[in-house]
Structures are given as structure tokens and as C-alpha cells.
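Given next are the chains, with one letter for each unit.
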Amino acid sequence: MTDLKVKLCGVELKNPVIPASGTFGFGREFNELYDISVLGAVATKGLTLESRLGNGTPRIAESRGVILNAVGLQNPGVERFIKEDLAFLRAKTRVIANVAGSEVGDYEKICARLDGLVDFVELNISCPNVKCGGMALGIKPENVENVTRVAKNALKATPLIVKLSPNVESIAANARAAERGGADCISLVNTFTGMAIDIERRRPVLANNTGGVSGAGIKPIAVRMVYEASHAVAIPVVGMGGITCAEDAIEFMMAGATAVQVGTQNFTDALACPKIIEGLAAWCVSHGVERISDLVGTVKMN
Ligand SMILES: Cc1cc2nc3c(=O)[nH]c(=O)nc-3n(C[C@H](O)[C@H](O)[C@H](O)COP(=O)(O)O)c2cc1C
């Protein structure tokens, strides 16, 4: 029997597999298909102070090996989440509240509200689909450091994960900026900004024109970025981007991720996460790995 447990910022997860923010709602629909208490944790849809209807449609476009989305942070707002979903999720597994805002003060307020109520707060400073400044906060290292510091000061009891944008000059510089600001952990990657064009209409497919690219096709870029970021900081890293199977998850762990998030694959196969958990256990047994945490950061460069 392999030990699948991992420790993230002192918090134990029963395994390293976490559905990624925005691809799992608040877990209720998936819990009708399988008991979501098998998951290491759940990352919620991005929460804002007030509820949001999100962008106009179409919001999702398919392309070979990837999808583009411009959902625009549709969510019920933090108060409804606390009232209606938090107890359900906490009874199942660890809860990562993914949060977003238009300005630094929003992040401060939402972190203060969630402090002590959830297992982790994940700061989405990298959402490319909202015309609200959220993206700008995640690009320049000095802004990353500043918003991280403000969020960290508002969190007395809950560890802070800062989710980095891949649409930046240097992922290592931004990882270090988050660490300087006091992040307990970083997660990456969020989506890459892209565009798909309907050639008959000569217009972008998405109503928002551009959207975030995710799914299997981004995996090698994400693995490279997780490797670079994890070697730039001493805090733990949660890796994601195009994971579809247990072997993909192992790549991220070898690159330096302590835990992994699975996003777009939940749309292709609603049972993706439990299958990946089973696959990890089987891979570890067949490769003589007793503790999955022993794999973290073990890749050696040629
Ligand atoms: C439809 C959709 C909605 C998303 N919403 C959020 C969000 O609210 N907050 C966030 O931090 N990331 C969000 N993401 C990004 C994912 O959490 C993840 O970082 C990204 O999709 C890469 O992983 P994947 O290739 O496994 O999907 C969203 C992704 C998709 C596809």
C-alpha cells in the first residue's frame, strides 16, 4: 500500500489530487457521480465579494487539444458560498477558497471574511477574462508582492496560496515576488491568453474576443513553468495545466509540485479525479514508491 498523503503548509491532504478552480463548481454536481470525499481537496470557483453573472456567451470555444474560456468569474459571491456550500464541502474534504477581486482592497476584505473558515485561500491574481484589473495585479512582480502582502495580513489562521499567471515575462521572478509578499504556497498555471476565430463570420468565437487556454495541449509549457517556479522559491508549489491522467500528475510532482490540480479534464471525463487517484496508487506500487511525497522535485536535468 502506497502512502498517498501529502502535506501542504502543515495541512495534511489524503492525496495530492485537487479539482481546479472553475472546473468543479462547488462540488455538488460531481458528488452525485462519486463521493468527493476521495479528493485531496477541492478548489472552489473564484469567489468575489458580490455575486457576478460573468461574461456574455459564447464563453467556451474548443480547439485542438485545448479549450478557451471567458466565463468572467460567474459566482454567487462569498456570503452565499459561506452560507450554502461551505459546510457541505468541509464535511467532505479540505477546502481551497479561490478568490478574485478588482482591486487590492477587495482581496483584503474577502481574505478577512474567509480567514479561519477554509483550509486554504487561493489568490486568483491571474484571471485573464475580467476587465477589472485582476490580471494587471498578477503581471508585474511588485504588484504580485503587494497584493500577496495585503492578503497575507488579512489571513491570521488560514494558509495563503498565490496562483500565478503564466502570461508573464518571468515566472521565477513572480514566484519569488509572491514568496517575498508572504505567500505560504504558490500554484500555477492559470490559463494562457488566446483567441479563436470563426472564419465564416470573421469574428472571434468568444463573445469576449479573447479567452484563457487550458487543457491537454498546454501541459509541457505548464510542466516547464512549475519546474522553474519551484526552483526559484522555498515554499511548496501546487502544479496544474493539462493534466489528464496519473502519469501527467507524476510529471508535475517530479517537476516540483507537492500537489496537483485537474481542470479541463473534468469536462471530458467527470470521473477524471478519482481515476487519477487510483492511477497514482497503481503507478507507485508498480514502481516501488512507498510514499508519493518522495517523488516531489526528483527530476534530474540531462
Ligand atoms: C471554465 C474554466 C473556468 C476557470 N475559472 C477559474 C477561476 O475562477 N479561478 C481560477 O483561479 N482559475 C480558473 N480557471 C483556471 C483553472 O483553474 C486552471 O488553472 C487552468 O484551467 C489550467 O488547468 P487545466 O489545463 O487542467 O484546465 C478556469 C478554467 C476553466 C477551463
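See above for the structure.
Cut-offs applied
Numbering of residues starts from 1 in each chain and follows the order in which that chain's sequence is written. Since the coordinates come from a predicted model, pLDDT governs what is reported: local features require at least 70, and pairs of side-chain atoms require 80 or more to be given and counted, while whole-chain, interface and lining totals use all residues. Side-chain calculation: all heavy atoms of the structure are included, whereas hydrogens and water are not. Any carboxyl oxygen of Asp or Glu that lies within 4 Å of a side-chain nitrogen of Lys or Arg is treated as forming a salt bridge with it. The helix count covers DSSP runs of H or I at least four residues long, the strand count covers runs of E at least two residues long, and both are numbered beginning at the N terminus. Two strands make a pair as long as DSSP finds a minimum of two bridges between them. For helices, the axis comes from a line fit to the C-alpha atoms of the stretch in contact; other axes are also lines fit to C-alpha atoms, and the angle between any two N-to-C directions lies between 0 and 180 degrees. Note on exposure labels: buried denotes an accessible area under 20% of the residue type's maximum, exposed denotes more than 50%, and partly exposed covers the range between, all computed with a 1.4 Å probe on protein chains only. In this analysis, two residues are considered to be in contact whenever any of their non-hydrogen atoms come within 4.5 Å of each other.

A. Representation of the pattern of salt bridges in the model. Scanning the model with the defined rule gives 16 salt bridges in all. Taking the shortest distance from any N to any O, the salt bridge between E79 and R113 comes out at 2.6 Å. Of this pair, E79 sits in helix α2 (residues 78-84) while R113 sits in helix α4 (residues 104-114); the two residues are 34 residues apart in sequence, bridging distant segments of the chain. For the salt bridge of E145 with R149, the shortest nitrogen-to-oxygen distance reads 3.1 Å.

B. The arrangement of the sheet that holds strand β6 (residues 66-69) in detail. Spatially, the four strands line up as an open sheet ordered β5-β6-β14-β11, and their pairing is antiparallel. Edge positions in the sheet fall to β5 (60-63) and β11 (192-194), since each has one partner strand and no second. Here the average twist between neighbouring strands, direction ignored, is 35 degrees.

C. Molecular detail of the environment of L33. If you trace the backbone, L33 turns up in the loop between α1 (28-31) and β4 (41-43). A relative accessible area of 54% places L33 in the exposed class. Between the C-alpha atoms of L33 and A270, which are 237 residues apart in sequence, the distance is 7.8 Å. Apart from residues no more than four positions distant in its own chain, L33 is found in contact with A270 and L271.

D. Just the pairing of strand β10 (residues 185-188), in detail. Judged by which residues are buried, β10 turns out to be covered on both faces: C185 and S187 on one side and I186 and L188 on the other are all buried. Note: strand β9 (residues 160-163) against β10, three bridges, orientation parallel. Bridged to K163 within β10 is S187. Two elements, β10 and strand β15 (residues 237-240), share three bridges in a ladder whose sense is parallel. The residue bridging I186 from the neighbouring strand is V237, located in β15.

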